[in-house]
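Okay, here's what each chain looks like letter by letter:
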Amino acid sequence: MKVLHLISGGDTGGAKTHVHSLLAGLTPRIQVKMVCFTEGPFVEEARALGIDTQVFPGRNFFANLKQLTQMVRAEGFDLIHSHGSRGNMMAAFLAKKTGLPTVSTVHSDYRLDYLGRPLSRLTYGTINTLALRKLDYRIGVSDAMVDLLIERKFDPEKLFAIYNGLDFTPRTPAMRREEYLRSVGLEADADCVIAGIAARLDPVKDIATLIRGFAKAHQAAPKLRLLIAGDGQEMANLKQLAADLGVANEVCFAGWVHDTDSFYNALDINTLTSISETFPYALTEGARAGLPTVSSKVGGVSYLIDHGSNGFLFPPGDADALAGHLVTLAQDAGLRKAMGQRLYEKAKREFSIEATIQRQLEIYEAILRYERKGRDRVVICGAYGRGNAGDDAILLAILTELRSIDPDLSFQVFSRSPMDTRRTYRVNAFYTFNGFQAIRYFRKAKFFINGGGSLMQDVTSNRSLWFYLWTLAAAKKHHCPVIMYGCGIGPIQKDGNRRRAAKVMNKYVDSITLRDPDSRKELEVLGVTKPAIALSADTTVSLPAASPEVIDGILNSRGIPADGKYVGFILRPWPGFEARVQDLAAAADYVYETYGLTPVFFPIEPRLDIAAAQRVAQKMTAPHHLLTEAFTAAQTIGILSRMQVVVSMRLHGLIFSASQGVPLVGIVYDQKVSSFLSYIGQDLYEGLDQLTQERLKDLIDQAVSRGKDPRFLADSVEKLRRMDEVNRKVLVEYVSHGKTTQP
């Protein structure tokens, strides 16, 4: 593999560090050549690192383009990789001349690169914006940058994420802490707590918020000091701000720092206050020094910082929140040490330079595969994009399974919120009820998945059933094989709907995998015999939980001690629910008083579930916690894994809990709930209409007792995962052949 990198050659800061460290690491593994358009320190440092670097000087763009074209053709490059406005513009023209695939690394938000410099924004900024649209692929320096590009309508399946990696080889600072602080002019006793930042003094870094937050924190923690490393246009204004706030003697402006090892060794707390970032080196450099970090929640920061676990996050510009976090860390040396150690371990594991180099090689290989063989497309339809964690987990499970079989598949997903689906799952998506687009995609798809959940039912509405039946027929009529995957059937109550559903499934569906035996019985009663039918499991049983550190951070940051003991309640509004509110509240109080388990109310579909939880919580006397956010599937599973018992109306609350071996109590509002529990051999459930507080207390008693035996649910969990293999087998057949055999 031979890759040509194009960059102006005048770059500084994170972009320079990224390119130098990346190319130095790639050079022993593949053939790499870098072309710059100006001599200077950037080029000198690159050559010193052993990077094959050539300069095409001068401002004659077309003369440089002609020479580059000749060089590319003569030297046999496979791929062009560009950085920045000048490199991107040259790559766009060079691709037309040579036909080579192009990829650009987007190091920062290109709309903010020239903040405060209107002429540069108009020229270089416009050139970069146009050039980026012309290139084939783009790499965002963080997942958050990829999300931003998706929001700006770049194709999500031609985007990749990479992170600024750092060499975690142990380093010895040139100067001791006290010596370094004296050298930069900061007066600090041995017991002072030093917060610091290394950044350009530029408006986008928002150092003003750091100084305001520090000034507030200093009032509560007078031993705090602030060390600012960096230079830039905001220096005078920031010094004046520190003086105006009365902390001029406690804030030290160290200027541009070259000895970063000594700088970070002198700190107790690392900070970042930017209003926009991708994934700054200041984070990993602080992590390498074992420093807890307080950062604005921007860009890819939250992929490293787990709030409450290895650092703190705050909204950009919120000086009060920043101050609170600084005070918390300043007053607790043990917390600083524990958070810093956790951050070091995570950064070393996930954000080392070796991980970055390996990721870059994987991106190159993927691009060349795409260019060589193209990508098969799969269309997926379900109740996606409505804010329901269970339904969206189904989509995640399907995509995860398909990508494990063939990582080069392309997807088009029906979604009620296409942009959210594109951003969350990195797939193309279109509005659920855009039938014209659906037909266009069916014509080119390898197969169609009607994906998971209870789509074949008419309880919620006739139109929902009719729509999903239409998708089955439309796909098959356009020669697209059809799978109904990991689904539940029924209830279909109306005779006309039952006849229509049976006819469509017999005529247009190739294969059906079912998540419970009751659905199989329902198909038999309907007379559905033509498709290949197999009993499997809900597709989400294979999804993993988020890491313990992430769950600790989620819980602790919401006032829920991560080491506490809890009972989870997942409720939803449904006819008859209101009459059971008092019973549910009494049972929640009972479990706290009897077993010391604090109730945690948890939403699967927040827009509905939070109101139901609030109704119960208002009737309680025991302490409790109410979560009100939408979490990812991994986070949801991880949170439920911390419960000693889960009481749930929602099916996916039960499925997620069962996959983690948590004892279950089901409140049955729909047959799918009792079907699932019976399928896995669990009998602790009661119908919503028959529920009483005494019955619910009894069920909870039994669940608590079962929880004392860690082996109790093991067979059920193993059965679920074994049955999910049936789903995978069907997908393997379709990916391989575009059709399936009898499962």
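Coordinates for the structure precede this section.
Throughout what follows, the structure given in this document is the object of discussion.

The rules we used
- Residues numbered from 1 in each chain as written.
- Predicted model: local features only at pLDDT ≥ 70, side-chain atom pairs only at ≥ 80, totals over all residues.
- Heavy atoms only, no water.
- Helix = DSSP H or I, 4+ residues; strand = E, 2+ residues; numbered from the N terminus.
- Rg over C-alpha atoms; globule rule 2.2 N^0.38 Å.
- Buried < 20%, exposed > 50% of the residue type's maximum accessible area, 1.4 Å probe, protein only.
- Contact = heavy atoms within 4.5 Å.
- Lys, Arg positive; Asp, Glu negative; His and termini not counted.
- Charge placed at Lys NZ, Arg CZ, Asp CG, Glu CD.
- Pairing = 2+ DSSP bridges.
- Axes fitted to C-alpha atoms, helices over the stretch in contact; angles between N-to-C directions.
- 1 Å grid on protein atoms, 1.4 Å probe; cavity = no way out; pocket = protein on both sides within 12 Å on 5 of 7 lines; lining within 4 Å.
- Points joined across faces, edges and corners; volume = space filled by probe spheres on them.
- Nonpolar A, V, L, I, M, F, W, Y, C, P; charged D, E, K, R; others polar.
- Salt bridge = Lys/Arg side-chain N within 4 Å of Asp/Glu carboxyl O.
- Right-handed = clockwise from strand over helix to strand, strands pointing away.
- Phe/Tyr/Trp six-rings, centres within 6.5 Å; stacked < 30°, edge-to-face > 60°.
- Core = buried A, V, L, I, M, F, W, Y, C linked by side-chain atoms within 4.5 Å.
- Disulfide = S-S within 2.5 Å.
- Arc of directions from axis to C-beta.
- Expected span 1.5 Å × (residues − 1).
- Parallel < 35°, antiparallel > 145°, perpendicular 65-115°, else oblique.
- Left-handed = near helix turned anticlockwise from the far one by under 90°.

1. Some thoughts on the overall build of the protein chain
- Broken down by element type, the protein chain carries 29 helices and 26 strands.
- On C-alpha atoms alone, the protein chain measures out to a radius of gyration of 29 Å, which is about the 27 Å that the 2.2 N^0.38 rule sets for 743 residues.
- Residues counted as buried form 58% of the 743 residues belonging to the protein chain.
- Of all intrachain contacts in the protein chain linking residues separated by at least 6 positions in sequence, the fraction that spans at least 24 positions is 70%.
- Side-chain charges of the protein chain comprise 89 positive and 80 negative groups, with the mean position of each set lying 8 Å from the other.

2. Side note on the sheet that holds strand β22 (residues 598–601)
- Taking strand neighbours across the sheet as the criterion, the six strands line up as β23-β22-β21-β24-β25-β26 in an open arrangement whose pairing is parallel. Bordering the open sheet on either side are β23 (625–626) and β26 (685–687), each of which pairs with just one other strand.
- Bridging between strand β24 (residues 643–648) and strand β25 (residues 664–668) involves three bridges; their strand directions are parallel. Across the sheet, Val647 pairs through a bridge with Val665, a residue of β25.
- Along the sheet, helix α28 (residues 693–707) contacts β24, β25 and β26; its crossing angle with β25, the most-contacted strand, is approximately 150°.

3. Focus: empty space enclosed by the protein
- The final tally for this structure, using the stated rule, is two cavities of 30 Å³ or more.
- In this structure, the largest cavity occupies an estimated 50 Å³ of space.
- Of all the secondary-structure elements, those providing two or more residues to the lining of the largest cavity are β18 (482–489), α21 (517–526) and α27 (671–679).
- If one sorts the elements of the lining of the largest cavity by residue count, α27 sits on top with three residues.
- Taken together, the residues of the lining of the largest cavity sort by class into one nonpolar, six polar and four charged.

4. As for the sheet that holds strand β2 (residues 31–36)
- Read across the sheet, seven strands follow the order β3-β2-β1-β4-β5-β6-β7 without closing on themselves; strand pairing throughout is parallel. A single partner strand is all that each edge strand has here, and the edge strands are β3 (53–55) and β7 (159–161). Strand-to-strand twist of the sheet, defined as the mean angle between neighbouring strand axes without regard to direction, takes the value 25°.
- As paired strands, strand β1 (residues 2–6) and strand β4 (residues 79–83) are joined by four bridges and run parallel to one another. Pairing of His5 across the sheet is with His81, part of β4.
- Most of the contacts of helix α3 (residues 61–75) go to β1, to which it runs at about 165°, and overall it touches β1, β2 and β3.

5. Side note on the side chain of Asp202
- Considering the arrangement of structural elements, one finds Asp202 in the loop between β8 (193–198) and α8 (207–220).
- Although Asp202 is buried, it forms no salt bridge, and the closest oppositely charged side chain is Arg200 at an N-O distance of 4.2 Å.
- Residue contacts for Asp202: discarding those within four places in its chain leaves Gln233 and Glu234.

6. What about the pairing of strand β9 (residues 224–229)?
- Taken across its six residues, β9 has six buried, putting it largely inside the fold.
- Both faces of β9 are covered, namely the face carrying Leu224, Leu226 and Ile228 and the face carrying Arg225, Leu227 and Ala229.
- Of the strand pairs in this sheet, β8 and β9 are connected by six bridges, and their pairing is parallel. Considered in β9, the bridge of Ile194 is made with Arg225.
- A crossover links β8 with its parallel partner β9, the connecting element being α8, and its sense is right-handed.
- In this region the chain leaves β9, passes through helix α9 (residues 235–244) and returns to the parallel neighbour strand β10 (residues 251–255); the handedness of that crossover is right-handed.

7. Overview of the packing of aromatic side chains
- Evaluated as defined, the whole model comprises 24 aromatic pairs.
- Their ring planes at 75° and their centres at 5.2 Å tell us that Phe61 and Phe93 sit as a pair that is edge-to-face. Taken together, the residues span a long stretch of sequence, with Phe61 in helix α3 and Phe93 in helix α4 (residues 84–98) at a distance of 32 residues.
- Among the aromatic residues, ring-to-ring pairing joins Phe414, Phe430, Tyr431, Phe433, Tyr441, Phe442, Phe448, Phe467, Tyr468 and Trp470 into one connected group.

8. Brief notes about the nonpolar core
- Within the largest apolar cluster, 86 residues are counted, with the highest numbers of intra-cluster contacts made by Phe448, Met456, Leu472, Met505 and Ile512.
- Element by element, the count of residues in this core is highest for helix α19 (residues 462–477), at eight residues.
- If we skip the residues at most four places from it in the chain, Phe448 touches Val379, Ile380, Cys381, Phe414, Phe442, Thr471, Leu472, Ala475, Cys480, Pro481, Val482 and Ile483.

9. Considering the state of the cysteines
- Summed over all chains, the structure comprises zero disulfides.
- The thiol of Cys381 is not disulfide-bonded; the next cysteine sulfur, from Cys480, is found 12 Å away.
- Since its relative accessible area comes to 0%, Cys381 is described here as buried.

10. A few points about the pattern of salt bridges
- Using the criterion set out here, one finds 37 salt bridges in the structure.
- The partner of Glu178 in a salt bridge is Arg176, and the shortest N-O contact between them spans 3.6 Å.
- What makes Arg176 exposed here is its relative accessible area of 53%.
- A salt bridge links Lys476 to Asp510; the nearest nitrogen and oxygen atoms lie 2.8 Å apart. With Lys476 in helix α19 and Asp510 in the loop between α20 (495–508) and β19 (511–514), this residue pair connects regions lying 34 residues apart in the sequence.
- A relative accessible area of 26% places Asp510 in the partly exposed class.

11. Notes on helix α17 (residues 418–425)
- For α17, the complete set of buried residues consists of Pro418, Thr421 and Tyr425. Taken end-on, α17 shows its buried residues confined to a sector of 65°, consistent with a single buried face.
- Looking at the buried side of α17, the elements it contacts are α16 (389–405), β15 (410–415) and β16 (428–431).

12. Focus on the environment of Leu49
- If you trace the backbone, Leu49 turns up in the loop between α2 (41–48) and β3.
- As for Leu49 and Thr129, which are separated by 80 residues in sequence, their C-alpha atoms are 31 Å apart.
- When neighbours within four sequence positions are excluded, Leu49 is seen to be in contact with His20 and Ala24.

13. Here we look at α20
- A rise of 1.5 Å per residue sets the reference length of α20, with its 14 residues, at 20 Å; its end C-alpha atoms lie 20 Å apart and thus fit the reference within 8%.
- Taken together, the buried positions of α20 are Asn497, Arg498, Ala501, Ala502, Val504, Met505 and Tyr508.
- Considering only its buried residues, α20 is in contact with α19, β18, β19 and α21.

14. Focus: the packing of α16 against helix α29 (residues 714–737)
- Look at α16 against α29: their axes get within 10 Å of each other, and the N-to-C directions meet at 55°. In this view, α16 runs oblique relative to α29, as classed from their interaxial angle. Classified by chirality, the crossing of α29 by α16 is right-handed. Of the residues in α29, those touching α16 at Glu401, Leu402, Ser404 and Ile405 are Asp724, Arg728, Leu731, Val732 and Val735.
- Grouping the amino acids of the contact of α16 with α29 by side-chain chemistry returns five nonpolar, one polar and three charged.

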